[in-house]
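# Observations on the model geometry
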There are 2 protein chains.
Amino acid sequence: DAAWQVVDGHHLRRAYRLPDFASGLALVNRIGALAEAEDHHPDLLLAWGRVEVTLWTHSVGGLSMNDFILAAHIDRLAP
Amino acid sequence: DAAWQVVDGHHLRRAYRLPDFASGLALVNRIGALAEAEDHHPDLLLAWGRVEVTLWTHSVGGLSMNDFILAAHIDRLAP
């Protein structure tokens, strides 16, 4: 969970640990609002106590500068 | 997307297609509220236009009657 990782040279992934399901759902909503505002939508996996974010730029089929910017913004939303 | 599938004899999975990201996020919130009410929490993968639900019973390490009941309830929440 320590940091974002580049996976397969294709996307960024980070997992956040949360104390319960509701905290994870709240984080998904915060990230969702940011994604809509920036029109850049990560994949979000919500499990009990955990949110996993996967991020890439569909139009380039991989990573772009926007992904790293959004990753930094998402970090600010996590507890 | 047609129906729930039993995967590896271990969990139930179904994907729902949605017209956009916001509709998917709204479905995640409806399922999340149900999960909290029933104290039974699926894994929820939210992607643009898609929500994938994975469901099993942690205490038995596989499927129980509760999973099939929750699956039926989740179907009522989908658009």
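Residues numbered from 1 in each chain as written. Chains lettered and ligands numbered in written order. Predicted model: local features only at pLDDT ≥ 70, side-chain atom pairs only at ≥ 80, totals over all residues. Heavy atoms only, no water.

## Focus: the pairing of strand 3 (residues 43-47) of chain B
Which entries qualify depends on this criterion: Three exposure classes are used, based on accessible area relative to the maximum for each residue type with a 1.4 Å probe and protein chains only: buried under 20%, partly exposed in between, and exposed over 50%. Under the DSSP-based scheme used, a helix requires at least four consecutive residues in state H or I and a strand at least two consecutive residues in state E, with every element numbered from the N terminus. A pair of strands is treated as paired once DSSP finds two or more bridges between them.
With four of five residues buried, strand 3 of chain B lies mostly within the body of the structure. In terms of strand pairing, strand 3 (residues 43-47) of chain A meets strand 3 of chain B through three bridges, oriented antiparallel. Directly across from A:Leu44, in strand 3 of chain B, lies its bridge partner B:Leu46. As judged from the five bridges shared by strand 3 of chain B and strand 4 (residues 50-55) of chain B, these two strands associate in the antiparallel manner. Following the sheet pairing, B:Asp43 is matched in strand 4 of chain B by B:Thr54. The loop that links strand 3 of chain B with its antiparallel partner strand 4 of chain B comprises two residues; one of these, B:Gly49, has a positive phi angle of about 80 degrees.

## Regarding the environment of B:Leu77
Residues and elements named next belong to chain B. Inspection of the secondary structure puts Leu77 in helix 2 (residues 65-77). For Leu77, a relative accessible area of 24% gives the class partly exposed. Between the C-alpha atoms of Leu77 and Leu27, which are 50 residues apart in sequence, the distance is 7.2 Å.

## Digging into the side chain of A:His40
All names here are of chain A. As a reminder, the rule being used: Polar contact is the term for a pair of N or O atoms within 3.5 Å; when the atoms are in protein, one must be able to donate a hydrogen and the other to accept it, and sequence-neighboring residues count only if both atoms are side-chain atoms. The contact definition used throughout considers only heavy atoms, calling two residues in contact when any of these lie within 4.5 Å.
The topology assignment puts His40 in the loop between helix 1 (21-38) and strand 3. A distance of 2.6 Å separates polar atoms of two side chains, one belonging to His40 and the other to Asp67. Not counting residues up to four positions away in its chain, the partners in contact with His40 are Ala35, Leu55, Trp56, Thr57, Asn66, Asp67 and Leu70.

## Some words on the pairing of strand 2 (residues 11-17) of chain B
All names here are of chain B. Strand 2 sits mainly inside the fold: five of its seven residues count as buried. Here strand 1 (residues 5-7) runs beside strand 2; their pairing, made up of three bridges, is antiparallel. Paired with Val7 across the two strands is His11, which belongs to strand 2. The loop that links strand 1 with its antiparallel partner strand 2 comprises three residues; one of these, Asp8, has a positive phi angle of about 55 degrees.

## Considering the packing of aromatic side chains
Residue and element names in this part refer to chain A. Rules: Pairing of aromatic side chains here covers Phe, Tyr and the six-membered ring of Trp, requires ring centres within 6.5 Å, and sorts the geometry by plane angle: under 30 degrees stacked, over 60 edge-to-face, intermediate tilted.
Counting across every chain of the model gives two aromatic pairs over all chains. Between Trp4 and Tyr16, the aromatic rings sit 6.5 Å apart at their centres with planes inclined by 80 degrees, giving edge-to-face as the arrangement. On the criterion of sequence distance, the pair formed by Trp4 in the segment before strand 1 (5-7) and Tyr16 in strand 2 (residues 11-17) is long-range, its members being 12 residues apart. Of the two residues examined, Trp4 and Tyr16, each falls in the buried class.

## What to know about the interface of chain B and chain A
In plain terms, the rule: Summed over both partners, buried area is the accessible surface (1.4 Å probe) that two parts give up on being assembled. The salt bridge criterion pairs a side-chain nitrogen of Lys or Arg with a carboxyl oxygen of Asp or Glu, the two atoms within 4 Å.
On the chain A side, the residues contacting the 16 residues of chain B number 16 residues. Taking both sides of the interface into account, the surface hidden between chain B and chain A amounts to around 1300 Å²; carbon and sulfur atoms contribute 67%. Looking at the side of chain B facing chain A, the largest losses of area belong to B:Phe21, B:His41 and B:Leu44, adding up to 32% of the total buried there. Between chain B and chain A we count zero salt bridges in total. Taken together, the links from chain B to chain A amount to three residue pairs in polar contact (both at pLDDT 80 or more). Elements that contribute at least two residues to the side of chain B that touches chain A include exactly helix 1 (21-38) and strand 3 of chain B. Looking at the side of chain B that touches chain A element by element, the count peaks at eight residues for helix 1 of chain B.

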